[in-house]
Amino acid sequence: MSDADTPLEFVGSAEDDLFVFPPTVKRVIGFAIRIAQKGGKHPDAKPLKGFKGAGVLEVISDFDGNTFRAVYTVKLKGVVYVLHAFQKKSKKGIKTPKAEIDKVKARLKDAEALHEERSGNEKESKIHKK
């Protein structure tokens, strides 16, 4: 792992969504993202199914009978983008609901487009820097 931190940016409402999670969940997810910023991978971070390769990762944290998830990508060079954070409410197994996958796909496209535009002009419309 690197000593330097890769910049962290939140797409859409991911930061606000993560903010309302229980403190224990925020610590787990925050630690996993911090490791990603250092160039590593938390043991609980797994590639999100439906995305090619290991560039889009999901961290799952359970608390008080509820499951919380955060999705981030490390596939765009030089930045870790947090794409989505949500509480899984479906009782139909462990599969991520289609609506949540669709939101991740849309935000990944936003991150890719904005990452491409970064050649000098920062665009803050859908991304919040940290």
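Structure: above.
Below: a short report on this structure. Small disclaimer: the values here were computed from a predicted structure and weren't measured.

## Re the overall build of the chain
Step number 1: In terms of helices and strands, the chain carries 3 helices and 6 strands.
Step number 2: Each helix (α) and strand (β) of the chain, taken in turn from the N terminus, gives the series β-α-α-β-β-β-β-α-β.
Step number 3: For the chain, the accessible surface area stands at approximately 7700 Å², while carbon and sulfur atoms represent 55% of it.

## Structural notes on the environment of Glu100
Step number 1: Assignment of secondary structure puts Glu100 in helix H3 (residues 98-116).
Step number 2: Sequence-wise, Glu100 and Lys88 are 12 residues apart; in three dimensions their C-alpha atoms are separated by 9.0 Å.
Step number 3: In this structure, Glu100 is in contact with His84 and Phe86, ignoring residues within four places of it in sequence.

## Section: the nonpolar core
Step number 1: Ranked by internal contacts, the top residues of the largest apolar core, which has 19 residues, are Phe21, Ile29, Tyr72 and Val82.
Step number 2: Going through the elements one at a time, strand S1 (8-11), helix H1 (14-19), helix H2 (23-37), strand S3 (56-63), strand S4 (66-73) and strand S5 (80-88) are the ones with two or more residues in this core.
Step number 3: For this core, the element with the most residues is H2, which contributes 5 residues.

## Focus on the pairing of S4
Step number 1: Of all 8 residues that make up S4, 6 are buried, and the element is covered over most of its length.
Step number 2: When S3 meets S4, the two strands line up antiparallel, connected through 8 bridges. Paired with Asp62 across the two strands is Thr67, which belongs to S4.
Step number 3: What sits between S3 and S4 in their antiparallel hairpin is a turn of 2 residues, with Asp64 showing a positive phi close to 55°.

## Some words on the pattern of salt bridges
Step number 1: If you walk through the whole model with that rule in mind, you get 5 salt bridges.
Step number 2: Put simply, Glu58 and Arg69 hold a salt bridge, and the shortest N to O gap is 3.1 Å. Taken together, the residues span a long stretch of sequence, with Glu58 in strand S3 and Arg69 in strand S4 at a distance of 11 residues. The same class applies to Glu58 and to Arg69, which are both buried.
Step number 3: In this structure, Lys98 and Asp102 form a salt bridge, with 2.8 Å as the shortest nitrogen-oxygen distance. Taken as a pair, Lys98 and Asp102 lie in helix H3 at a separation of 4 residues, close to a single helical turn.
Step number 4: The class of Asp102 is partly exposed, set by a relative accessible area of 35%.
Step number 5: If you follow the salt bridges from partner to partner, you end up with Asp5, Arg34 and Lys38 in one network.

## Section: the packing of aromatic side chains
Step number 1: Under the defined criterion, the tally for this structure stands at 1 aromatic pair.
Step number 2: The ring of Phe19 carries the charged tip of Lys26 above its face, separated from the ring centre by 4.8 Å.

## Topic: the side chain of Ser61
Step number 1: Tracing the chain through its elements places Ser61 in strand S3.
Step number 2: The class for Ser61 is buried, based on a relative accessible area of 6%.
Step number 3: What Ser61 contacts, discounting residues up to four positions off in sequence, is Val25, Val28, Asn66, Thr67 and Phe68.

Definitions and cut-offs
Residues numbered from 1 in each chain as written. Predicted model: local features only at pLDDT ≥ 70, side-chain atom pairs only at ≥ 80, totals over all residues. Heavy atoms only, no water. Helix = DSSP H or I, 4+ residues; strand = E, 2+ residues; numbered from the N terminus. Areas by Shrake-Rupley, 256 points an atom, 1.4 Å probe, with all protein chains shown as cover. Contact = heavy atoms within 4.5 Å. Core = buried A, V, L, I, M, F, W, Y, C linked by side-chain atoms within 4.5 Å. Buried < 20%, exposed > 50% of the residue type's maximum accessible area, 1.4 Å probe, protein only. Pairing = 2+ DSSP bridges. Salt bridge = Lys/Arg side-chain N within 4 Å of Asp/Glu carboxyl O. Phe/Tyr/Trp six-rings, centres within 6.5 Å; stacked < 30°, edge-to-face > 60°. Lys NZ or Arg CZ within 6 Å of the ring centre and 35° of its normal.

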